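Residues per chain, in single letters:
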Amino acid sequence: MNAIPSIEYLSRAAVRLTRLNQLMNDVAAGGPRHEPAVAATRHELAALNEDIDRYLHLTTLPGEGDFWAELSSKVNRAVELVDATLETAPRTDPTPAAAEVDDALDSAVAAVLTTLEFDVRQSEAMARDVGRLRATTLRSVVQLDALATAIALVTVVFAFRATRRHDQLKDELNAVLTSRVTELDRFAGRVAHDVLSPLSAVTAGLALLGRSCDDERGRTYINRSQRAVRDVQQLVEDLLTFARSGARPDPNATCDLDTVLEGILSNCCDAAAEQGIEVVVQRAAPMHLRCAPGVIASIVQNLLRNAIKYMGDRPARRITIRASVVGDIARVEVHDTGPGVPPEIQSTLFEAFVRGPNEQASGTGLGLATVKRLVESHGGRVGVRSTLGEGSCFWLELPAVPNDAAQPAASLATAEISGNR
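So, here is what we can say about the structure in this document. (Residues numbered from 1 in each chain as written. Predicted model: local features only at pLDDT ≥ 70, side-chain atom pairs only at ≥ 80, totals over all residues. Heavy atoms only, no water.)

### Things to note about the pairing of strand β4 (residues 318-326)
Pairing of strand β2 (residues 278-283) with β4, which is carried by five bridges, proceeds in the parallel orientation. Each bridged residue has a counterpart across the sheet, and for Glu-278 the counterpart in β4 is Arg-318. Strand direction decides the pairing type here: β4 and strand β5 (residues 329-336), joined by eight bridges, are antiparallel. Each bridged residue has a counterpart across the sheet, and for Thr-320 the counterpart in β5 is His-335. Between β4 and β5, which pair antiparallel and follow one another directly, the connecting turn spans two residues, one of which, Gly-327, has a positive phi of 65 degrees. (Pairing = 2+ DSSP bridges. Helix = DSSP H or I, 4+ residues; strand = E, 2+ residues; numbered from the N terminus.)

### Quick look at the pattern of salt bridges
As a working rule, side chains carrying opposite charge can pair if their charged atoms are close by. Applying the stated rule across the entire model yields 12 salt bridges. With a shortest N-O distance of 2.9 Å, Glu-8 and Arg-12 are connected by a salt bridge. In this pair, Glu-8 and Arg-12 are both assigned in helix α1 (residues 3-29), four residues apart and thus about one turn of the helix distant. The shortest N-O distance in the salt bridge between Arg-77 and Glu-100 comes to 2.6 Å. Linking Arg-77 in helix α3 (residues 68-86) with Glu-100 in helix α4 (residues 96-212), this pair joins segments that are 23 residues apart in sequence. Ionic contacts of the salt-bridge type, sharing partners, join the residues Glu-8, Arg-12, Arg-16, Glu-44 and Asp-51 into one network. (Salt bridge = Lys/Arg side-chain N within 4 Å of Asp/Glu carboxyl O.)

### Details of helix α2 (residues 34-56)
Taking 1.5 Å per residue as the helical rise, α2 with its 23 residues ought to reach 33 Å, and the 33 Å between its terminal C-alpha atoms agrees with that figure. All buried positions along α2 are accounted for by His-34, Ala-37, Val-38, Thr-41, Glu-44, Leu-45, Ala-47, Leu-48, Asp-51, Ile-52 and Tyr-55. (Expected span 1.5 Å × (residues − 1). Buried < 20%, exposed > 50% of the residue type's maximum accessible area, 1.4 Å probe, protein only.)

### As for the nonpolar core
In this structure, Leu-289, Ile-296, Ile-319 and Leu-396 are the most contacted members of the largest nonpolar core, which totals 43 residues. Listing elements by their share of this core, those giving two or more residues are α6 (257-274), β2, α7 (293-309), β4, β5, α9 (367-377), β6 (381-387) and β7 (391-399). Here this core takes eight residues from α7, the largest share from any one element. What Leu-289 contacts, discounting residues up to four positions off in sequence, is Ala-253, Thr-254, Cys-255, Leu-257, Ile-296, Ala-330, Leu-398, Pro-399, Ala-400 and Val-401. (Core = buried A, V, L, I, M, F, W, Y, C linked by side-chain atoms within 4.5 Å. Contact = heavy atoms within 4.5 Å.)

Structural data, given as structure tokens:
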């Protein structure tokens with residue numbers, strides 16, 4: 001909006017023109033006031049020209065351009081006459097030239113005031129338009145605010161209903177999962193009693209038959225049958241272990257972690273060596289856990305066997321078991337250099353029957369679920385960190401027995417099982 005600057009410049013121009021009219025009387029009078037009057041007149045002329053020039057460079061208001069020609073003409077005429085008068089000698093009597101200057105200055109003042117009056121009217125009109133627009137905008141804002149409030153209330157109602165429905169579905173899902181786990185526990189118990197015994201007999205019979213069979217084709221079928229029976233036995237044993245893992249633990253049970261790890265290494269040594277995998281155990285200071293030896297053995301052995309089973313054809317073949325204790329919490333980590341776990345299944349990896357996509361290794365998908373149930377039933381936590389192409393770290397935390405005696409700083413001792421043995 002250029003109304004305010006226009007009014008400012010025009011107002012100053014009108015004042016300067018009036019001041020010039022007064023100064024010209026002092027210039028014409030001569031005497032001691034002549035020279036100061038000439039200097040003041042030249043200053044006012046320069047300021048007037050600057051104000052008019054700035055005004056004419058503004059963007060015109062609607063209809064304002066019609067006044068510019070007359071304004072410029074009359075102001076320029078007045079300035080020219082004043083400049084010409086300043087170049088002549090002072091005179092004591094009024095002359096036609098002096099009267100002409102007065103008329104030119106009066107005409108210039110009139111032109112400036114006419115334009116100024118137009119700009120003032122335009123400013124008032126624009127102010128009224130702004131007021132009406134502001135009132136309209138305010139009404140629109142109030143209406144939009146009311147509409148937004150109504151939408152927000154409706155959204156809150158829907159969100160509340162959706163939340164209640166989500167909670168209901170969550171409760172129903174938990175009930176279904178609990179029911180499924182209970183059914184699985186019962187099923188595992190029945191399978192253990194009803195299937196394991198016949199399978200043992202079948203296994204023994206196939207072994208005897210294999211030793212007495214000389215036919216190569218027959219031995220092939222026998223070996224295939226033995227593998228199938230072993231797969232069924234493994235499934236039954238996994239189901240039974242999973243069912244038993246939910247039992248209430250012994251609150252007074254403790255175990256020495258070093259002793260348990262030694263037993264695990266002894267059991268898994270051959271399996272690791274057959275696949276050329278190096279297993280390294282990094283032991284910290286001696287520690288005791290608040291669980292039975294069989295519990296921690298089942299947990300760590302399950303993680304170790306998984307790492308061996310899923311190593312694949314990785315060029316770096318190493319598994320590292322680390323144990324540390326902070327306060328009353330013991331942490332055990334099983335690092336491997338395997339292919340890693342896809343990000344999309346990491347959050348559900350410890351659920352029953354969850355296995356990786358395109359999984360080639362045999363298994364039931366109950367091993368990690370059993371680990372989770374055992375750890376959580378003893379008040380611990382379990383998790384995994386994994387990067388595809390780099391490997392995985394399965395970790396667990398369990399309550400430790402505090403050692404009242406002061407212990408020196410823990411030093412790491414390393415025991416290795418190499419595939420080259």
